[in-house]
Amino acid sequence: MDASLKSSATAPIVAHAQALFEDLSFTAAREWKAAQPGRKVIGYMPLYVPREIIHAANMLPLGILGGGDQLEVIHGDAYYQSYICRIPRSTVELGVSGRLDFVDGMLFPSICDVIRNLSGMWKMMFPHVYVRYFDVPQNYRDEIGGTYYVNELAELRHDLAGLRGQPITDDELRRSIALYNENRRLVNELYAFRAERPWLAPAAEVYLVLRAGLVLPVEEHSTMLRGYLDAAKAEDRPRRDNCRIVLTGAFCEQPPLNLIKSLELAGCYVVDDDLLLVTRWLTGDVATDGDPLRNLATAFLHQSQSTAAKYEPNEKEKGQHLVRAVARSAAEGVIFAAPSFCDPALLDRPMLQHVLKDAGIPFIAFKYAENSGQMQPIREQAGTFADSIKLWSGA
Amino acid sequence: MTAIIVTPKPAAAKEVAKDASMVKQKEMMAGHYDRLTNAPQSGEKVAATFVPGNLNELIMCFGLVNNLPEVNAIQNGLRRTSGAYVLEAEKIGHSEDVCTYVKSDIGMMAKGNVAPNGKKFPNPDVLLLSYTGCFTFMKWFELLREQYKCETIMLHTPYMGDGKITPNMVEYMVKQLREEVIPKLERVSGVKFDIDRLRENLKKSVKAEEDLVWVLQSAKHKPSPIDAYFGGIYYIGPIFGAFRGTDDAIEYYKFLREEVADRLAHGQGPVTPDGDMAGEKYRLVVEGPPNYTNFRQFWKMFYDEGAVVVASSYTKVGGVYDFGFRHNPDKPLETLAEYCLGVYTNRSLPMRIDMLSCYVNDYEADGLLINSIKSCNSFSAGQLLIMREVEKRTGKPAAFVESDLVDPRYFSAANIKNRLESYFQMIEQKRAGAQAAA
């Protein structure tokens, strides 16, 4: 446990979250599954899957985000060339090393060609596991993309019902939707709180607490979020002379925890980010009356985050989500942190940078891998950025 | 005193051997580039779109001229200009990690947008973002839209993750065509959509597709009269580009078929840049795109060793026809959807493995060679598993080389040659082992 947390009110919560984060055997999920006969666990990769449907089937949605910087990749490297990002190879490592042997199904969302192709690899490597490439519409009209997506959701519902041997009812779906609505509200509250008082909710803590939501049942996670919010508000932590930045580009392969800590140590409070987007992909509540699948589809089409994996039909809107995030969180700059060889983040980056430039928002960019060990260059770059903002902002 | 410096004349370059169809293909491509660059004068409007999911039959219904940025990048690779373009794109902020087709295109724009005929490319009037089998396409046209500020039409092709085309996928695509793509193309072009014209174009496509398949499958003969990878790239040019659905394509593929039939009748091997290839020693299936900056050098490494490619996945990237698909004029929008859904890179990895294993068996190949492209994740991610799986299923050896599409920095001739030579030795050993066991 981080020594600095020992005496704080948030410490036990963050310690629990950190233990979940570090546990590459997914003990908590294994225990959840073992607690009742017939329970099943469905893994999913970034960026977004409708966890409500998995939950409604009385299954545990389990976020699989690679192996981080603590996993030695031995087998995974044999599946990928050096010029492919690290998350698929460490995910394969998790699979072939038996760490995911309790997982009954895996969903591979539409995010990039690497994750897409991994879905087929998984089918071949783990033929006993339910595997689905989870496609989402790039057309946002209700009668076109919406209808397609409702049918895709229905197929997922049907498949999961088959796995549990019992249909998933509308009421079960509505109940799960309500629980995830509540969870998202709490996540958004935490983000708003951090944006307001970032010294009370350090980025690394917020990250760990959020990340716990990818392992825990949603009910438990909501309890954790409430506990952390209450504890963080009661903290007495010194306010540093840091600048305020939005971190972007880290929506798939995760940066090492040390990288997130390094940014704040270097003088940058993270006041918004695109980490773990599944926890707040939908930007508003999903309706709990009427057809639940149609409601999930409507929310996806009209109330979801903008990110590189989504087509932006309106050229004038391109990148504006970042400008709005800066305004909303009173940020002073943007840090583009993308995993090496990440097509979505790196191809999107020049366009976003043009938008920021036009809006007069300063930015810097660097790349990382989930197992990057050297933080000194990043600290120096972020520190220089923070200094330049403090020196030159308003000039 | 005036010094006279005499520069020795370079030795005359050896003339590149080409068969008549290659010459004809080159003329067609040149004619198309002239038509494109002349668009501002002729008043024709230009639609940029991609090779996989290229809806040429539909585009022609609106009198639009088709411009394919991958083909432009390939031309820049072959002409050795892509390296400078890639560097230019990196200089203006594009990552060294991403697709070099995109960077070649962006760099070319930054340096004047000059077409292979030396004239300036016209700005597109519409970007038809046929999002099929490659994530990068979406970002590529968002990047171009930022530059050109023109109408951009998204046509989303769902991925065949479960190895099948579902009615939901087809209905989704047909709705997009009917309610998004066609109305917008009408608006841009000022031409009303005529479904009978589309049907006529599709009928023409079928004829060309039949002859193309016949040509590709001629490689089942021994010796193969064609090289289905290096030579195949010439053969697919018209049908993957701006000619599918035209009389020109029908004529070209008829001509090509006759030419190949003649080679077959005379027991000839493929035509290479150094002339007829004699003595077929190795029959290979190749997965992945070629390198274009050193295309001839790469090809030579094969034919110098008597290796001919009898089937390749790359020649299916703009449409898979050799497993039975043909455009169906009776269901014009549905057939366009099914065409897009079926292109090679939109197929799941297990489907790709099935195809490649089938090629190794049906074409009696000695093995599978993968040319893994650094900047193309759509092809490259998963290829090491493909290699092992095809090897396991067919019992034939597989090998792996690495290069890039149009970035010359990633073509290491010595490295590739070494690996190929080792591979050919491996095939020999395998044969010797099989003979000893017989």
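Check the entry above for the structure.
Residues numbered from 1 in each chain as written. Chains lettered and ligands numbered in written order. Predicted model: local features only at pLDDT ≥ 70, side-chain atom pairs only at ≥ 80, totals over all residues. Heavy atoms only, no water.

Asker: Just checking my understanding: could you explain the overall build of chain A for this structure?
Answerer: The helix and strand inventory of chain A stands at 14 helices and eight strands. For a compact globule of 395 residues, the expected C-alpha radius of gyration is about 21 Å, and chain A comes in at 20 Å, within 12% of that figure. Taking the principal axes of the C-alpha coordinates as reference, chain A spans close to 65 × 45 × 45 Å. The buried share of chain A, reckoned over its 395 residues, is 64%. Residue pairs at least 24 apart in sequence account for 74% of intrachain contacts in chain A once pairs closer than 6 positions are excluded. Here chain A has roughly 14,000 Å² of accessible surface; of this, 50% comes from carbon and sulfur atoms. (Helix = DSSP H or I, 4+ residues; strand = E, 2+ residues; numbered from the N terminus. Rg over C-alpha atoms; globule rule 2.2 N^0.38 Å. Buried < 20%, exposed > 50% of the residue type's maximum accessible area, 1.4 Å probe, protein only. Contact = heavy atoms within 4.5 Å. Areas by Shrake-Rupley, 256 points an atom, 1.4 Å probe, with all protein chains shown as cover.)

Asker: Please clarify how the sheet that holds strand β3 (residues 105–109) of chain A should be interpreted in this entry.
Answerer: Strand pairing in a sheet relies on backbone hydrogen bonds. The paired strands run either parallel or antiparallel. Residues and elements named next belong to chain A. Ordered by their spatial adjacency, four strands build an open sheet running β2-β1-β3-β4, and the pairing between neighbours is parallel. Edge positions in the sheet fall to β2 (59–63) and β4 (130–134), since each has one partner strand and no second. Neighbouring strand axes in the sheet, compared pairwise and without regard to direction, differ in orientation by 20 degrees on average. Relative to β2, strand β1 (residues 40–44) is paired through five bridges, and the arrangement is parallel. Pairing of Gly43 across the sheet is with Leu62, part of β2. (Pairing = 2+ DSSP bridges. Axes fitted to C-alpha atoms, helices over the stretch in contact; angles between N-to-C directions.)

Asker: In this structure, what is going on with the pairing of β4 of chain A? I would like to understand it.
Answerer: One face of the sheet, then the other: side chains in a regular strand alternate in exactly this way. Residue and element names in this part refer to chain A. In terms of residue burial, β4 counts as a mostly covered element, since five of its five residues are buried. Alternating positions in β4 separate into two faces, Tyr130, Arg132 and Phe134 on one and Val131 and Tyr133 on the other, with burial throughout. Chirality of the crossover, the property in question, places the unit of β3, helix α5 (residues 113–125) and β4 among those that are right-handed. (Right-handed = clockwise from strand over helix to strand, strands pointing away.)

Asker: What is the right way to look at helix α4 (residues 69–78) of chain B in this model?
Answerer: Residues spaced three or four apart along an α-helix point in a common direction, a consequence of the helix completing one turn every 3.6 residues. All names here are of chain B. Here α4 lies mainly inside the structure; nine of its ten residues are buried. Contacts made by the buried residues of α4 are with α1 (20–37), β2 (65–67), α5 (82–91), α6 (100–110) and α7 (136–148). Of the residues one or two after α4, Arg80 is the one with positive phi, at around 65 degrees.

Asker: Looking at this structure, I do not really get the sheet that holds β2 of chain B. What am I missing?
Answerer: Residue and element names in this part refer to chain B. Strand order across the open sheet formed by four strands is β2-β1-β3-β4, with parallel pairing between neighbours. This sheet does not close on itself; its edge strands, each paired only once, are β2 and β4 (151–156). On average, adjacent strands in this sheet sit at an angle of 25 degrees to one another, irrespective of strand direction. Pairing of strand β1 (residues 46–48) with β2 involves three bridges; the strand directions are parallel. Within β2, the residue paired with Ala48 across the bridge is Asn67. Here α7 sits on the sheet and contacts β1, β3 (126–131) and β4; the angle it forms with β3, its principal contact strand, is near 170 degrees.

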